[in-house]
Amino acid sequence: MASACPLCGGDGGVLVWRGQKLRVIRAEEAGFPAFYRVVWNAHVAEFSDLSAPDRLLCMEAVASVEQVLRAHLQPDKVNLAALGNMVPHLHWHVIARFAWDSHFPSPVWAQPVRERDPAREDSVAALHGRMDNAIRARLEGTV
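Figured I'd write up the structure that's included with this text. Not measured: the values here are computed from a predicted model. (Residues numbered from 1 in each chain as written. Predicted model: local features only at pLDDT ≥ 70, side-chain atom pairs only at ≥ 80, totals over all residues. Heavy atoms only, no water.)

## Some remarks on the overall build of the protein
Along its length, the protein carries four helices and five strands. Helices and strands appear in the protein in the N-to-C order α-β-β-β-α-β-β-α-α. For the protein, the spread of C-alpha atoms along the principal axes amounts to about 40 × 30 × 25 Å. Each of the 143 residues in the protein was classed as buried or not, and the buried ones make up 43%. A fraction of 51% describes how many contacts in the protein between residues 6 or more apart in sequence connect residues 24 or more apart. Total accessible area computed for the protein in this model is approximately 7,500 Å², and 52% of it derives from carbon and sulfur atoms. Here the protein carries 15 positive and 16 negative side-chain charges, and the mean point of each set is 3 Å from the other. (Helix = DSSP H or I, 4+ residues; strand = E, 2+ residues; numbered from the N terminus. Buried < 20%, exposed > 50% of the residue type's maximum accessible area, 1.4 Å probe, protein only. Contact = heavy atoms within 4.5 Å. Areas by Shrake-Rupley, 256 points an atom, 1.4 Å probe, with all protein chains shown as cover. Lys, Arg positive; Asp, Glu negative; His and termini not counted. Charge placed at Lys NZ, Arg CZ, Asp CG, Glu CD.)

Here it is as structure tokens:
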């Protein structure tokens, strides 16, 4: 399974930070300019496959990404999800959501409820460098 896994074969998005056990990437999902993933480096399918210390490490990274998004964007909500139905490699979605986004309040995987707002999406995307730097700073030495 691991040989065909897209998260084993590549970063899975724009690499923001890589540690020994996990990495953070920025997903390039149209309409969702603040969509990050915390990806476990080793191929495991389920969160419960990790040891207790590794579960803590993973969730600290998820919380760190969420805190950076909240501090820089003040989103209406941050969605966290670890589905793995399409890619059975442990990864957490950390997605800043806004009342103006095309799917809010529905999940990003649902049908849109309004037109996209490219100007607002671009204003969030303009902060990628600052958010990526803040994520790196938070994770370096702590995860």
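## Notes on the pairing of strand β3 (residues 35-40)
With six of six residues buried, β3 lies mostly within the body of the structure. Residues of β3 alternate between two faces, with F35, R37 and V39 on one and Y36, V38 and W40 on the opposite face, all of them buried. Judged from the five bridges that link them, strand β2 (residues 22-26) and β3 form a sheet pairing that is antiparallel. In the sheet register, V24 faces β3, and the bridge partner there is V38. Note that β3 and strand β5 (residues 91-97) share five bridges and pair antiparallel. In the strand pairing of β5, Y36 is matched with V94. (Pairing = 2+ DSSP bridges.)

## Here's the deal with the packing of helix α2 (residues 52-73) against helix α4 (residues 128-139)
Where α2 meets α4, the axes come as close as 9 Å, and the angle between the chain directions of the two elements is 140°. As judged from the angle between their axes, α2 and α4 are oblique. You can see that α2 and α4 cross each other, and the crossing is right-handed. For the pair formed by α2 and α4, the contact residues are A61, S64, V65, Q67, V68, L69, H72 and L73 on the first element and R130, M131, A134, I135, R138 and L139 on the second. Looking at the contact of α2 with α4 residue by residue, the classes come out as nine nonpolar, three polar and two charged. (Axes fitted to C-alpha atoms, helices over the stretch in contact; angles between N-to-C directions. Parallel < 35°, antiparallel > 145°, perpendicular 65-115°, else oblique. Left-handed = near helix turned anticlockwise from the far one by under 90°. Nonpolar A, V, L, I, M, F, W, Y, C, P; charged D, E, K, R; others polar.)

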